[in-house]
Amino acid sequence: MRRVALAAALAVLATLPLWLTSTYYVNITSQILFYAIFALAINVLAGYAGLVSLGHAGLFGIAGYAAAKILTGGHAHAAGIAGALAITLVASAAFAVLALRGTGLGFVMITVALGQIVWGVAYRWISLTNGDNGINISGRPSPLGLSLATPAGFYWATLVVFLLAVASMWVFVGSPFGASVRGTRDQARRMNALGYHVWMIRFLAFLFSGFWSGVAGVLYLYYNQFVSPQAVALTASAEALLMVIAGGTGTLLGPIVGAGLVVVVKNVASAYIERWNFVLGAIFVAIVVFMPEGLVPGFLRLVRRS
Amino acid sequence: MALWFVLAVNSITLGGLLFLLSAGFSLIFGLMRIPNLTHGSFFMLGAYLATSLIAHGFGFWPAAVVAGLLVAAFGGLVERFILRRLAGAELAQVLVTLGLSFMIADVCLMVWTGDPIRIDTPPGLRGATAIGGLGFPTYRLAVSVVAVVFAAALWALLDRTRLGAMIRAGVDDAPMARVVGIHVSRLFTVVFCLGAWLAAFAGVIGGPILSVYPGLDGEMLPLALVVVILGGSGSLLGSLVGSFVVGFLYNFGQAMFPELAYVVLFLPMLLVLVVRPQGLFGRPAV
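No experiment lies behind these values; they were computed from the predicted model shown.

### Details of the overall build of chain B
When helices and strands are tallied, chain B shows 12 helices and 2 strands. Counting only C-alpha atoms and orienting by the principal axes, one finds that chain B spans roughly 60 × 45 × 35 Å. Burial statistics for chain B: of 286 residues in total, 51% are counted as buried. Summarising the internal contacts of chain B: among those between residues at least 6 apart in sequence, 74% fall at separations of at least 24.

Next comes the structure, spelled out in structure tokens:
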């Protein structure tokens, strides 16, 4: 039953641009996919490690800005992507060293502050980041001769990266490392007593999360061919966290469903009303107050009961 | 030389405003364990409400007090009807405050539009005052004096009154305070309202210096966070010292490295985190 559902979902995703003729909807699906990668990355920390980060848009944005700087410097796409991911990993390590000085609410506060530092650099250090005007890049790469310039081409490339991300998450959750990460979330002291290096486990989980945030950031840059301080604002971190929480933390499917929900609501809501931030805030409050476990676990519970 | 004096006065003024903002933030965090992410919104909302009150014929100071009371009442409702429902779920409480801050920001944008609004300096405090041959802007001096008065009043409240003793007991050990018969949940409401009032009041008296504009909330909140991480949560002295450190760094940083002022601000925070994670005046977590 599960295998059939999975195969059906894959078939629908793989053939989507063939039967969905409107490029608008293909583009929205691409957005859902790269935001889902970002949400899955945040879920590694928020869901499995119990460390809620409100500064992940900083890592997402560092990847976008780094790739944009390298590309506008006249380098090849491969160099841009590799460089951006390397820089994001270094930044993730720095974030982790500082943020892991606290756990729980301390961690939340430090990540907010770190995210704001990145925002401050993006917004104010005009000679590096071009400030509020952001950085434009021209052109998307063509790996293996397949051009990503069309919405369908970009969609397929994003889908491949998305499937890799899901596969890596699936391996992560089932691995001994994934189990030890969950152990540090539930019983940090016992894990310590059992001889696990709790700090190192959290640090590695942070790097894993940072890496996929960076991948999502690079896809975001190529999708928009533009990056601006908006990508690293606190709102962006909160939006991504909302995806995780809305869908259900600590599940594989939850962040993907959450990303779909937020991207669709955002696009639909902003077509009809100007007040997207109000809607975002209201959804946030409503989900936390009325469905704290998220949509996917909440829905599963309803199904099981009936 | 004169430039340094001006910068120093500006730093002290900003430090005073930050103290009013972060004292409440720090108390709320110390007592309720909630980093209240609506605190910047309270600051902005207070300033916006005051602009409307002043437009309806209120004087500056009455407007500051009344705007503070309105925001405090709103904060009380939030605490009583939303945060209390989520008691114990600290993460959920943080996320709710974040969601509320987005809603408040959007409502402010809708009501007061996106244009910056300047609050006029109250009459009598305009111009400059000469001290020792140097001219200082009178209003900025007044803000510093107000901050000092509030610091003294808050210290007296916390250190010399029964209510203050109860709050300190709640910060130190909330379950034990409950056992000895202190209504800790009632203290939550009192402290939350007080914090909201202080933030809104700071927003109003900061108005003639900073103006009010969309995004002000997002600019002030990280400053309050840095102050509390620097000074340690729940410590009034920590807020005071942290506020002035941040005030000086911000103004001098802006003068010396205009592009990096915002980053310079966070450096001492990073240093403190590495060397003394509980903050300069905080006590280590048990």
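### Some points on the overall build of chain A
Within chain A, the secondary structure is distributed over 14 helices and 2 strands. In terms of overall dimensions, chain A is globule-like: its C-alpha atoms have a radius of gyration of 19 Å, near the 19 Å expected for 306 residues. Structurally, chain A occupies a C-alpha span of about 55 × 50 × 40 Å along its principal axes. Burial analysis of chain A (306 residues in total) assigns 49% to the buried set. When contacts within chain A are restricted to residue pairs at least 6 apart in sequence, long-range pairs at least 24 apart make up 74% of them.

### Overview of the interface of chain A and chain B
As a measure of interface size, the accessible area lost when the parts come together is often cited. If you look at the interface, chain A gives 32 residues, while chain B gives 36 residues. Classifying every residue of the side of chain A that touches chain B by side-chain character gives 23 nonpolar, 6 polar and 3 charged.

### Brief notes about the nonpolar core
Note that soluble globular proteins tend to have their nonpolar side chains buried in a common cluster. Within the largest apolar cluster, 195 residues are counted, with the highest numbers of intra-cluster contacts made by Ile37(A), Ala113(A), Ala200(B) and Val226(B). Among the elements that line this core, the one with the most residues is helix H2 (residues 23–49) of chain A, at 16 residues. When residues no more than four places from it in sequence are discounted, the contact partners of Ala200(B) are Phe42(B), Phe43(B), Leu45(B), Gly46(B), Ala67(B), Gly68(B) and Val71(B).

### Digging into the environment of Ala169(B)
Residue placement: Ala169(B) occurs in helix H6 (residues 162–172). Non-local contacts of Ala169(B), meaning those with residues more than four positions away in its chain, are made with Ala177(B) and Ile182(B).

### Concerning unusual backbone geometry
Here the phi dihedral of Asn130(A) falls at roughly 65°; this positive angle occurs in a residue that is not glycine. If you trace the backbone, Asn130(A) turns up in the loop between helix H6 (126–129) and strand S1 (135–136). On the basis of neighbour count, Asn130(A) is assigned to the partly exposed category, with 19 C-beta atoms found within 10 Å. Positioned with a positive phi, Ser211(B) is a non-glycine residue whose angle comes to about 65°. Within the fold, Ser211(B) resides in the loop between helix H8 (184–210) and helix H9 (216–231).

### Some words on the confidence of the model for chain A
As a general rule, the predicted coordinates of low-pLDDT regions are not to be interpreted in detail. Averaged over all residues, the pLDDT of chain A equals 87, while 99% of them reach at least 70. Of all helices and strands in chain A, the one with the weakest mean pLDDT is helix H14 (residues 295–305) of chain A (77), whereas helix H10 (residues 198–224) of chain A scores best (94).

### Considerations on the environment of Leu194(A)
Residues and elements named next belong to chain A. Within the secondary structure, leucine 194 is located in the loop between helix H9 (188–193) and H10. Taking the C-beta count within 10 Å as the criterion, leucine 194 has 11 such neighbours and is therefore assigned exposed. On a C-alpha basis, the gap between leucine 194 and valine 285 in space is 39 Å, while along the polypeptide they are 91 residues apart.

### Observations concerning the environment of Val296(A)
Residues and elements named next belong to chain A. Checked against the element boundaries, valine 296 lands in helix H14. Overall, valine 296 belongs to the buried group, with 20 C-beta atoms counted inside 10 Å. In the structure, valine 296 is positioned 50 residues away from alanine 246 in sequence and 8.2 Å away in space, judged by C-alpha atoms. Once residues within four sequence positions are removed from consideration, valine 296 is found in contact with Gly247, Gly248, Thr251, Leu253, Gly254 and Val257.

### Focus on the packing of helix H1 (residues 2–32) of chain B against helix H5 (residues 138–160) of chain B
All names here are of chain B. The contact between H1 and H5 brings their axes to 9 Å, and the two run at 35°. Every pair of crossing elements has a handedness; the one defined by H1 and H5 is left-handed. Contacts from Val9, Asn10, Ile12, Thr13, Gly16, Leu17, Phe19, Leu20 and Ala23 in H1 reach Arg140, Val143, Ser144, Val146, Ala147, Phe150, Ala151 and Leu154 in H5. When its residues are assigned to classes, the contact of H1 with H5 shows 12 nonpolar, 4 polar and 1 charged.

### A few points about helix H2 (residues 39–55) of chain B
Its 17 residues give H2(B) an end-to-end C-alpha distance of 25 Å, which sits within 8% of 24 Å, the value for a rise of 1.5 Å per residue. For H2(B), a buried count of 15 out of 17 residues is recorded, marking the element as mostly surrounded by other parts of the structure.

### Details of the confidence of the model for chain B
For chain B, mean pLDDT is 86; residues scoring 70 or higher make up 98% of the total. Taken over the whole predicted complex, pTM reads 0.85, whereas the ipTM for its chain interfaces reads 0.78.

### A few points about the packing of helix H11 (residues 234–247) of chain A against helix H12 (residues 253–272) of chain A
Residue and element names in this part refer to chain A. Between H11 and H12, the shortest axis-to-axis distance is 7 Å and the interhelical angle comes to 120°. Our classification of the angle between H11 and H12 gives oblique. The way H11 lies across H12 gives a crossing that is right-handed. Note on element contacts: H12 touches H11 through Gly254, Pro255, Ile256, Val257, Gly258, Ala259, Leu261 and Val262, opposite Glu239, Leu242, Met243, Val244, Ala246 and Gly247. The residue makeup of the contact of H11 with H12, split by class, is 10 nonpolar, 3 polar and 1 charged.

### Observations regarding H8(B)
Counting along an α-helix, one turn takes 3.6 residues, and residues three or four places apart therefore face a common direction. Residue and element names in this part refer to chain B. Along its 27 residues, H8 runs 36 Å from first to last C-alpha, staying within 8% of the 39 Å computed at 1.5 Å per residue. With 20 of its 27 residues buried, H8 lies for the most part within the structure. Positive phi shows up at serine 211, right after H8, with a value of about 65°.

Definitions and limits used
Residues numbered from 1 in each chain as written. Chains lettered and ligands numbered in written order. Predicted model: local features only at pLDDT ≥ 70, side-chain atom pairs only at ≥ 80, totals over all residues. Helix = DSSP H or I, 4+ residues; strand = E, 2+ residues; numbered from the N terminus. Buried ≥ 20, exposed ≤ 12 C-beta atoms within 10 Å, placed from the backbone. Contact = placed C-beta atoms within 7 Å. Rg over C-alpha atoms; globule rule 2.2 N^0.38 Å. Nonpolar A, V, L, I, M, F, W, Y, C, P; charged D, E, K, R; others polar. Core = buried A, V, L, I, M, F, W, Y, C linked by C-beta atoms within 7 Å. pLDDT = per-residue confidence, 0-100. Axes fitted to C-alpha atoms, helices over the stretch in contact; angles between N-to-C directions. Left-handed = near helix turned anticlockwise from the far one by under 90°. Expected span 1.5 Å × (residues − 1). Parallel < 35°, antiparallel > 145°, perpendicular 65-115°, else oblique.

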